[in-house]
Structures are given as structure tokens and as C-alpha cells.
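Here is how the chains run, residue by residue.
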Amino acid sequence: MRSKKDYDKIVVSFVVVVYDMPLQAQNTVRSLLPDYQRGACPADYEVVIVENESTNTMSRDFINTLPSNFSYHLRKEDQPTPIYAISYGIEKARGKNICVMIDGARLVTPGVVNNMVRGHRLATCAMVTVPGYHLGVELQQKSVGSGYDVEQERVLMDSISWPDNGYRLFEISCFSGSSAHGFYLSHSESNCISMPRGVWSDLGGFDAKFDMRGGGLVNLDLYKRACEYPGMTHVFLQGEGTFHQFHGGVTTGGDEFQEREKFVHAIKAQYEKIRGEKFSVPETHPVYLGELSNEVLEYVRFSATRKLDRLRDAANK
């Protein structure tokens, strides 16, 4: 049994869930290392890697190089969902706040850890989120139809000499679907979402009723319930990002277009069955935190334009 003192030492535990994507997972973990994360104190955070067993697991040689604030857990799973791996990771986590990265294929920028810690110090009940991007010039659901693959992505990442300056990821990416309207309009989810341990408990974590492949809309469901949690302060790290690497995932590639569309319809129907209504994007009033690198400024301009357009449209009605 862990004592309260054990929890108090670590501000944020990052729980990273991995399945059948060793190269992408290694890149994600690398982007959380102290020598990549600027201004991060290793004593303030830990990374709990939970990998569901497959024939294509992470390299043991790589895992053995990880520092002491990283831990790796390989587990068997007979369900097609990451929910149980997440619950396992949260149980193993020692931090006062827990950040779940449901998709282990998402790189992060170099200020995520430091600003996540800062965000939780702003309010006792803070939900800190990071906006999402896809590597490539268009959403991977579309680009896969034009031949986008792991090799093309490797060339893109080599073109910015990643990981030398993680903020250059903005130069080779586009907003993900959940962030498509920019920073200043509502999002439908975050793939890097952190909350106090007690809030995770109150929410009941990720709902196991979302039992379809990849968890269906379980991440959107969790995000919506967290946004609506009483007294929650939403801290939004607009200068940071998570960047989805191509790996033939459930909704971003692999299956044919018609199959993906059929699956998306099915997971939306499951959400409506579980919650009794169609999914709607939650409204929040975020506190915007963090520095803005030169590389992110084009996204700031785009986001401001979209917000101003929305305000003008509302004024003209």
C-alpha cells in the first residue's frame, strides 16, 4: 500500500498506452525524456509505459536505457480496447495528477512536461490538455489514400532533424480532427489529458462499456465528462502539441476508406446507446498557459482568424 507521501513527491504521472507500434512508441517515449523536455525536473514527473502484448513489442534494449522515472509494463490483453491498460497504468502511477496518453503513437513538444506541472500548480482542480496534430500536410485518414506511409513520414521527420528541435514538428503537420477549429474554439478531445488523481476516481476513469476496437469514443467521452466536472479549471497548452505518427491505427489508416467510415458510424452509434444522446462537443473557458515558439505562430494566426470569423457570424445573425 502506497502512503500519501509517495503520491506527494511526483506532480504528474504520464500513462502511455502502447500496442503493436514499437517504432512509434519509442519515438513517443523519447519525446518525454528529460533531455528532450525543456525545463523539466525529473523529480516532478514519471512516465508509466503500459504495452499490451503483441508479436511486435518495444525493444528491450531501448527500454533498458530509460531513466529511473520511467517504468515499463508488458501485459496480456484479450479485449480490443486500451481501457484496461489505462486502468492498470493509473494504478501503477504514483503522481498527484495523472496524464493519460491513450495513443502511444503521439510525439509531444519539448514544453509539455514543464507546462503540465505549471498548469497543475495554477489550480487544485485543473484539467490540463494539449491540442492534437497529425504529421503530414493533411489528416492521415485522407493522406493514406494517396500513399502516405511510415517511410514517407520518416523522410518528413528527417527533414526537420527530429528530435533536435521538437517544435519544428509544427512545420510538417496539420491540426487533427479534434483540434480542426483552432485553439480558441471548442475541441472534442485531447490525447494528452491530465487531472488530479481524485478527479479520475470521481469520474470512474474510462468507461469499460466502450468495448469496441480502440475503445470507440471512450476518449471523447472522458474528455466531455472531465470538462463538465464541477469546479474544473481547464488549462490549455496552446504552444505545445501531440503529433500522431502513422501506424495503421483504427481511425487514421490501415483499413479501406469504406471500412473506416463504417467503423466510425458504429462507434458513434455505441456512444448514443451508452449515453442516450449523440456526442456533442463540450464548451469550456480555458486558461491559456505557456510560451509560443516561432514555429507555432501560423497556428495561432489560423486559430484567431477562425474565432474572429465565428464572432462576426454570430454578430450578423
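Our structure's up above, just so we're on the same page.
Residues numbered from 1 in each chain as written. Predicted model: local features only at pLDDT ≥ 70, side-chain atom pairs only at ≥ 80, totals over all residues. Heavy atoms only, no water.

**With respect to helix H4 (residues 83–92)**
Logical step 1: Those residues of H4 that sit buried are Ile83, Ala85, Ile86, Gly89 and Ile90. Across the axial projection of H4, the buried residues extend over an arc of 160 degrees, all falling on one side.
Logical step 2: Buried positions along H4 lie against strand E1 (12–18), strand E2 (45–52), strand E3 (70–75), strand E4 (97–101), helix H8 (197–203) and helix H9 (218–227). (Buried < 20%, exposed > 50% of the residue type's maximum accessible area, 1.4 Å probe, protein only. Helix = DSSP H or I, 4+ residues; strand = E, 2+ residues; numbered from the N terminus. Arc of directions from axis to C-beta. Contact = heavy atoms within 4.5 Å.)

**Comments concerning the sheet that holds strand E7 (residues 132–135)**
Logical step 1: Strand order in the open sheet formed by four strands is E5-E11-E7-E8, and the pairing between neighbours is mixed. Both edges of this open sheet fall to strand E5 (106–108) and strand E8 (173–175), since each of them pairs with a single strand only. Adjacent strand axes in the sheet meet at a mean angle of 35 degrees when their direction is disregarded.
Logical step 2: Where E7 lies against strand E11 (residues 242–244), three bridges are found, and the strand directions are parallel. (Pairing = 2+ DSSP bridges. Axes fitted to C-alpha atoms, helices over the stretch in contact; angles between N-to-C directions.)

**Some remarks on the sheet that holds E1**
Logical step 1: If you walk across this open sheet you meet the eight strands as E3-E2-E1-E4-E9-E6-E10-E12, and the pairing is mixed. A strand with exactly one partner marks an edge of an open sheet, and here the two such strands are E3 and strand E12 (287–288).
Logical step 2: For strand E6 (residues 126–129) and strand E9 (residues 193–196), the ladder comprises two bridges, and the chain directions are antiparallel. Paired with threonine 129 across the two strands is isoleucine 193, which belongs to E9.
Logical step 3: Sitting on the sheet, H4 is in contact with E1, E2, E3 and E4, with an inclination near 145 degrees to E2.
Logical step 4: Most of the contacts of helix H5 (residues 112–122) go to E1, to which it runs at about 130 degrees, and overall it touches E1, E2, E4, E6, E9, strand E10 (233–236) and E12.

**Overview of the pattern of salt bridges**
Opposite charge on two side chains permits them to pair, given that their charged atoms come into close proximity.
Logical step 1: All chains considered together, the criterion is met by 15 salt bridges.
Logical step 2: The partner of glutamate 228 in a salt bridge is lysine 224, and the shortest N-O contact between them spans 3.1 Å.
Logical step 3: Residues joined in a network through salt bridges with shared partners are Asp207, Lys209, Asp221, Arg225 and Arg275. (Salt bridge = Lys/Arg side-chain N within 4 Å of Asp/Glu carboxyl O.)

**Focus on the packing of aromatic side chains**
Logical step 1: Applying the stated criterion across every chain yields a total of 21 aromatic pairs.
Logical step 2: Pairing phenylalanine 236 with tyrosine 288 gives two aromatic rings, centres 5.7 Å apart and planes at 85 degrees, and the pair type is edge-to-face. With phenylalanine 236 in strand E10 and tyrosine 288 in strand E12, this residue pair connects regions lying 52 residues apart in the sequence.
Logical step 3: Residue classification places tyrosine 288 among the partly exposed residues on the basis of a relative accessible area of 32%. (Phe/Tyr/Trp six-rings, centres within 6.5 Å; stacked < 30°, edge-to-face > 60°.)

**Overview of the side chain of asparagine 97**
Logical step 1: With respect to the element layout, asparagine 97 can be found in strand E4.
Logical step 2: The class of asparagine 97 is buried, set by a relative accessible area of 8%.
Logical step 3: A distance of 2.9 Å separates a polar side-chain atom of asparagine 97 from the backbone oxygen of valine 11.
Logical step 4: Side-chain polar atoms of asparagine 97 contact the side chain of histidine 120, separated by 3.3 Å.
Logical step 5: Among residues more than four places away in sequence, those in contact with asparagine 97 are Val11, Val12, Ser13, His120, Ser194, Met195, Pro196 and Arg197. (Polar contact = N/O pair within 3.5 Å; in protein donor to acceptor, adjacent residues only side chain to side chain.)

**Let's talk about the environment of valine 300**
Logical step 1: Within the secondary structure, valine 300 sits in helix H11 (residues 297–315).
Logical step 2: A relative accessible area of 16% means that valine 300 is categorised as buried.
Logical step 3: Separated by 117 residues in sequence, valine 300 and phenylalanine 183 have C-alpha atoms that sit 7.3 Å apart.
Logical step 4: Valine 300 has contacts with Phe183, Tyr184 and Leu292, leaving out every residue within four places of it along the chain.

**Side note on the nonpolar core**
Logical step 1: Counting residues in hydrophobic clusters, the biggest one holds 36 residues, and the most contacted among them are Phe14, Leu32, Ile49, Met58, Phe70 and Met116.
Logical step 2: When residues of this core are traced back to their parent elements, those giving at least two are E1, helix H2 (22–30), E2, helix H3 (60–63), E3, E4, H5 and E6.
Logical step 3: If we ignore the near neighbours within four places in the chain, the residues touching phenylalanine 14 are Leu32, Tyr45, Glu46, Val47, Val48, Cys99, Met101, Val112, Val113, Met116 and Cys192.
Logical step 4: Among the nonpolar cores identified, the runner-up in size contains 33 residues, and Val50, Ile86, Tyr229 and Met232 belong to it. (Core = buried A, V, L, I, M, F, W, Y, C linked by side-chain atoms within 4.5 Å.)

**Notes on the environment of proline 282**
Logical step 1: Locating proline 282 in the fold gives a position in the loop between helix H10 (257–275) and E12.
Logical step 2: Sequence spacing of proline 282 and histidine 187 is 95 residues, and the spatial spacing of their C-alpha atoms is 7.4 Å.
Logical step 3: With sequence-adjacent residues up to four places away left out, proline 282 is seen in contact with Ser186, His187, Tyr223, Lys224 and Cys227.

**Some remarks on the pairing of E4**
Logical step 1: Of all the five residues making up E4, five are buried; the element is thus mostly covered by neighbouring parts of the structure.
Logical step 2: Direction of pairing for E1 relative to E4: parallel, over a ladder of five bridges. Counted as the bridge partner of valine 16 is methionine 101 from E4.
Logical step 3: Taken together, the four bridges between E4 and E9 define a ladder with antiparallel strand orientation. Bridged to asparagine 97 within E9 is proline 196.

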